[in-house]
Amino acid sequence: AMAAGIPCVGTPSPGVADSICDGENGTEGANGWLAAPEPEKFAEVLREALQNEAERKRRAKAALQSSGAYAIGTTACRMTEIYIQAMLQSALSLAS
């Protein structure tokens, strides 16, 4: 959704909280909303997101910009770097 410029509403669980940057309205870099994992709180945040068009548009732009960090090319390069470092460390420890 973020890669399509759609700000997300999620709960602060592993993975979700890593990709959604929440903040008060107008916070720089906020690309979505995090809500407590309770139906009433989630509904409240969702209502806020739907009712505030200006904030939704601002966060949509930030969502699109931040989604590049999770693109397949970006994550593949990061994983390749990790594997190369692991192999180098393994080779160095075998050599000593």
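Residues numbered from 1 in each chain as written. Predicted model: local features only at pLDDT ≥ 70, side-chain atom pairs only at ≥ 80, totals over all residues. Heavy atoms only, no water.

Caption draft 1: Up close: the environment of Lys 57. Here Lys 57 is to be found in helix α3 (residues 53-66). In this structure, the C-alpha to C-alpha distance between Lys 57 and Pro 7, residues 50 residues apart in sequence, is 8.3 Å. (Helix = DSSP H or I, 4+ residues; strand = E, 2+ residues; numbered from the N terminus.)

Caption draft 2: Representation of the side chain of Asn 31 within the structure. Relative to the assigned elements, Asn 31 resides in the loop between α1 (16-19) and β2 (32-34). Polar contacts involving the side chain of Asn 31 include one to the side chain of Ser 66, which spans 2.8 Å. (Polar contact = N/O pair within 3.5 Å; in protein donor to acceptor, adjacent residues only side chain to side chain.)

Caption draft 3: Layout of the pattern of salt bridges. Inspection of every chain in the model, using the stated rule, returns four salt bridges. Among the salt bridges present, the one from Glu 55 reaches Arg 58, with a minimum N-O distance of 2.6 Å. Taken as a pair, Glu 55 and Arg 58 lie in helix α3 at a separation of three residues, close to a single helical turn. The exposure class of Glu 55 is buried, given its relative accessible area of 6%. (Salt bridge = Lys/Arg side-chain N within 4 Å of Asp/Glu carboxyl O. Buried < 20%, exposed > 50% of the residue type's maximum accessible area, 1.4 Å probe, protein only.)

Caption draft 4: Examining the side chain of Arg 59 more closely. By secondary structure assignment, the location of Arg 59 is in helix α3. Among the polar contacts listed, one links the side chain of Arg 59 to the backbone oxygen of Gly 23, at a separation of 2.6 Å. Among the polar contacts listed, one links the side chain of Arg 59 to the side chain of Glu 55, at a separation of 2.6 Å.

Caption draft 5: Layout of the confidence of the model for the protein. For the protein, the mean per-residue pLDDT works out to 90, and 96% of the residues sit at or above 70. Per-residue pLDDT, averaged within each element of the protein, yields its smallest value for α1 (88) and its largest for helix α2 (residues 39-51) (95). (pLDDT = per-residue confidence, 0-100.)

Caption draft 6: Layout of α3. Taking 1.5 Å per residue as the helical rise, α3 with its 14 residues ought to reach 20 Å, and the 20 Å between its terminal C-alpha atoms agrees with that figure. Those residues of α3 that fall on the buried side of the exposure criterion are Glu 55, Arg 59, Ala 60, Ala 62 and Ala 63. (Expected span 1.5 Å × (residues − 1).)

Caption draft 7: Representation of a nonpolar patch on the surface in the model. Taken together, the side chains of Met 79, Ile 82 and Tyr 83 present a nonpolar region at the surface, about 330 Å² in accessible area. Turning to its location among the elements, Tyr 83 is positioned in helix α4 (residues 72-95). Overall, the relative accessible area of 53% leaves Tyr 83 in the exposed class. (Patch = residues over 30% accessible without salt bridge, like charges linked within 9 Å, V, L, I, M, F, W, Y side chains within 5 Å. Areas by Shrake-Rupley, 256 points an atom, 1.4 Å probe, with all protein chains shown as cover.)

Caption draft 8: Representation of the environment of Gly 23. Tracing the chain through its elements places Gly 23 in the loop between α1 and β2. Judged by its relative accessible area of 22%, Gly 23 is partly exposed. Between the alpha carbons of Gly 23 and Ala 91 there is a distance of 45 Å; along the sequence they are 68 residues apart. In contact with Gly 23, other than residues within four places in its own chain, are Ala 30 and Arg 59. (Contact = heavy atoms within 4.5 Å.)

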